[in-house]
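# Structural overview
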Amino acid sequence: MLNFGRARTQQRPARSSPFGGLDYPDPKRKGNFVGKILLAAALTALCIIMLKHSPTFNTPSPFARHEEGVIHVLVTGGAGYIGSHTSLRLLKDSYRVTIVDNLSRGNIGAVKVLQELYPEPGRLQFIYADLGDAAVVNKIFSENSFDAVMHFAAVAYVGESTLDPLKYYHNITSNTLVVLEAMAKHGVGTLIYSSTCATYGEPEKMPITEVTPQVPINPYGKAKKMAEDIILDFSKNSDMAVMILRYFNVIGSDPEGRLGEAPKPELREHGRISGACFDAARGIIPGLKVKGTDYNTADGTCVRDYIDVNDLVDAHVKALEKAKPKKVGIYNVGTGHGRSVKEFVEACKKATGSNIKVKYEPRRPGDYAEVYSDPTKIKRELNWTAKYTDLQESLEIAWRWQKAHRGGYAASS
Ligand SMILES: NC(=O)c1ccc[n+]([C@@H]2O[C@H](COP(=O)([O-])OP(=O)(O)OC[C@H]3O[C@@H](n4cnc5c(N)ncnc54)[C@H](O)[C@@H]3O)[C@@H](O)[C@H]2O)c1
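As the structure is a prediction and not an experimental result, all values here were calculated from the model.

### Observations regarding the overall build of the chain
- Helix and strand counts for the chain stand at 13 helices and 13 strands.
- Taking all 413 residues of the chain together, the buried fraction comes to 40%.

Listed below in structure tokens is the structure:
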């Protein structure tokens, strides 16, 4: 056992002390000590004076204060596919944008593109944070003055959600609650929420309208529906302006080639049809597997409603413009037309100029024959209609970006 008391008395010379058993300081050391304190105090005072005279000290960050005529939008998931495209449009339209993203699925490269396009102070800031951390989210809201939130951040693969449902309930439902609580606490008045046609499940009747019963059949759709319910319950007793947008199948990318869709390679197996087509065109996968050719559709393959990301972005901006306190708007965002998987593959072959190999296989359990939207309500109330409805053209634009960014945002070739 160590005995610190004995070791000390052995090393120190004995000396008398007016304070009984207490040590007294050596006057020479005391002088040094006081000098050091004075020096530190002087340096601190000097730093404070210099800081006070620096141009940024008295002016808080532009993101921290409301500014007349400037709408500050928090874009959660803004490093992701749809969030980055929406941020680009918001910046172009002179909104102030804060992106919060944990980069679990998104790309810092997309944020860099936006920062290079809009480097001026007070236009865009990026905050690396996880929305699952309520304390961090609360800090972000207390240090920034947001006027509106576009909540895109989510994990978003149906297949993955059946394998890891808790991840989906946590990331989608619970994190939406965190964001909503922070908005309520800090008086942020407008929420635009990213929802999905997966909340409808397998409706009997097509097209899907906003009053089609929501009976989701997988954890992804269920988690989104629960998040919607939380928002709707909260909105009944609040002044918040709420817009819920239920997207159909999103494709395409920025026509000027600045942004694209770049999911993490390890998520490829869960990916969407456009990603799979491009991967097949590049030879990353041997070909496409089309599951089911005996559905009750014109050519026997499944039919889906493909909405171009540029149209989707436009729907968000319109929703933001039309959002009103105490009002809730729920809208399908789709073209209103279904395209079969066969049609999609043919368009992709033409867009990529590649003779993609296609293997037709039996149906996959749980896939439904036809899903397409009725976009009448969003046209009537938000004056929105899809403009990028040429499937091949949307895919050509996306393919141009894919070809120029074979390694995603990390590298271009
Ligand atoms: N892509 C589609 O076809 C489609 C269809 C319907 C609905 N949606 C919805 O649109 C939204 C955006 O989808 P996307 O295709 O752009 O996906 P994405 O994966 O490209 O983007 C999601 C972003 O959210 C971020 N994120 C995830 N969890 C986070 C967390 N806990 N904290 C902070 N950031 C987090 C990711 O890093 C990523 O950047 C999602 O809510 C999705 O459910 C997408």
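### Details of helix 4 (residues 108-117)
- Along helix 4, the residues that are buried comprise Ala110, Val111 and Leu114. Taken end-on, helix 4 shows its buried residues confined to a sector of 100 degrees, consistent with a single buried face.
- Looking at the packing, one finds that the buried side of helix 4 touches helix 3 (81-92), strand 2 (96-101) and strand 3 (124-128).

### A closer look at the nonpolar core
- If you look at the biggest cluster of nonpolar residues, it comprises 98 residues, and the most contacted ones within it are Val149, Ile192, Leu245, Leu312 and Val333.
- With 7 residues, helix 10 (residues 309-322) is the single largest residue contributor to this core.
- Leu312 has contacts with Ile82, Tyr247, Val250, Ile307 and Val333, leaving out every residue within four places of it along the chain.

### Considerations on the environment of Glu204
- Tracing the chain through its elements places Glu204 in the loop between strand 5 (190-196) and helix 8 (219-235).
- When the C-alpha positions of Glu204 and Glu370 are compared, they lie 9.6 Å apart, and in sequence the two are 166 residues distant.

### Some details on the packing of helix 7 (residues 165-185) against helix 8
- Their axes nearest at 8 Å, the elements helix 7 and helix 8 cross at an angle of 15 degrees. By the angle class used here, helix 7 and helix 8 are roughly parallel. Handedness of the crossing formed by helix 7 with helix 8: right-handed. The residues of helix 8 that touch helix 7, namely those facing Pro165, Tyr168, Tyr169, Ile172, Thr173, Thr176, Leu177 and Leu180, are Pro219, Tyr220, Ala223, Lys224, Met226, Ala227, Ile230, Ile231 and Phe234.
- Class assignment for the residues of the contact of helix 7 with helix 8 results in 14 nonpolar, 2 polar and 1 charged.

### Focus on the site of the ligand
- Taken together, the neighbourhood of the ligand is formed by 28 residues, with Gly77, Gly80, Gly106, Ala154 and Val250 sitting nearest.
- Of all the elements in the fold, those that place two or more residues in the shell around the ligand are helix 3, helix 7, strand 5 and strand 7 (249-251).
- If one sorts the elements of the shell around the ligand by residue count, helix 3 sits on top with 3 residues.
- Its residues assigned to classes, the shell around the ligand shows 12 nonpolar, 12 polar and 4 charged.

### Here we look at the pairing of strand 5
- By the criterion of burial, strand 5 is predominantly enclosed, with 7 of the 7 residues buried.
- Residues Thr190, Ile192, Ser194 and Thr196 point to one face of strand 5 and Leu191, Tyr193 and Ser195 to the other, with burial holding for every one of them.
- In the sheet, strand 4 (residues 148-151) pairs with strand 5 via 4 bridges, with the strands oriented parallel. Along strand 5, the bridge assignment pairs His151 with Tyr193.
- In this sheet, strand 6 (residues 241-247) lies alongside strand 5 in parallel orientation, the contact comprising 7 bridges. Residue pairing in the sheet places Leu191 in a bridge with Val242 of strand 6.
- Handedness of the crossover joining strand 5 and strand 6 through helix 8 is recorded here as right-handed.

### As for the pairing of strand 3
- As defined by bridge partners, strand 2 adjoins strand 3 across 5 bridges and the pair is classed as parallel. Bridged to Asp101 within strand 3 is Tyr128.
- Read as a crossover between parallel neighbours, the route from strand 2 over helix 4 to strand 3 is right-handed.

### Re the sheet that holds strand 5
- Spatial ordering of the open sheet is given by 3-2-1-4-5-6-11, a layout of 7 strands whose pairing is parallel. Two strands bound the open sheet, and with one partner strand each, they are strand 3 and strand 11 (328-333). For this sheet, the mean angle separating the axes of adjacent strands, direction not counted, is 15 degrees.
- Packing of helix 7 onto the sheet brings it into contact with strand 1 (72-76), strand 4 and strand 5, and relative to strand 4 it is tilted by some 175 degrees.

### Concerning the packing of helix 3 against helix 4
- At a minimum axis distance of 10 Å, the contact between helix 3 and helix 4 shows a crossing angle of 10 degrees. Considering their axes alone, helix 3 and helix 4 lie roughly parallel with respect to each other. Contacts between helix 3 and helix 4 involve Ser84, Ser87, Leu88 and Leu91 from the first element and Ala110, Leu114 and Leu117 from the second.
- Residues of the contact of helix 3 with helix 4, tallied by class, amount to 5 nonpolar, 2 polar and no charged.

### A closer look at the confidence of the model for the chain
- On average, residues of the chain score 89 in pLDDT, and 86% of them are at 70 or above.
- Across residues 1-27, where pLDDT falls below 50, the model places 4 contacts with residues more than four positions away in sequence or in other chains.

### Examining the environment of Gly287
- Here Gly287 shows up in the loop between helix 9 (273-282) and strand 8 (288-291).
- With 15 C-beta atoms packed within 10 Å, Gly287 lands in the partly exposed category.
- Taking C-alpha positions, Gly287 is 9.5 Å from Asn355, a pair spaced 68 residues apart along the chain.
- Residue contacts for Gly287: discarding those within four places in its chain leaves Ala280, Ile356, Lys357, Val358 and Lys359.

### Concerning helix 10
- Here helix 10 spans 20 Å end to end across 14 residues, near enough to the 20 Å set by a 1.5 Å rise per residue.
- In terms of burial, helix 10 is a largely internal element, 10 of the 14 residues being buried.
- Listed as buried for helix 10 are Val309, Asp311, Leu312, Val313, Asp314, Ala315, His316, Val317, Ala319 and Leu320.

Conventions used here
- Residues numbered from 1 in each chain as written.
- Predicted model: local features only at pLDDT ≥ 70, side-chain atom pairs only at ≥ 80, totals over all residues.
- Helix = DSSP H or I, 4+ residues; strand = E, 2+ residues; numbered from the N terminus.
- Buried ≥ 20, exposed ≤ 12 C-beta atoms within 10 Å, placed from the backbone.
- Arc of directions from axis to C-beta.
- Contact = placed C-beta atoms within 7 Å.
- Core = buried A, V, L, I, M, F, W, Y, C linked by C-beta atoms within 7 Å.
- Axes fitted to C-alpha atoms, helices over the stretch in contact; angles between N-to-C directions.
- Parallel < 35°, antiparallel > 145°, perpendicular 65-115°, else oblique.
- Left-handed = near helix turned anticlockwise from the far one by under 90°.
- Nonpolar A, V, L, I, M, F, W, Y, C, P; charged D, E, K, R; others polar.
- Near = placed C-beta within 6 Å.
- Pairing = 2+ DSSP bridges.
- Right-handed = clockwise from strand over helix to strand, strands pointing away.
- pLDDT = per-residue confidence, 0-100.
- Expected span 1.5 Å × (residues − 1).

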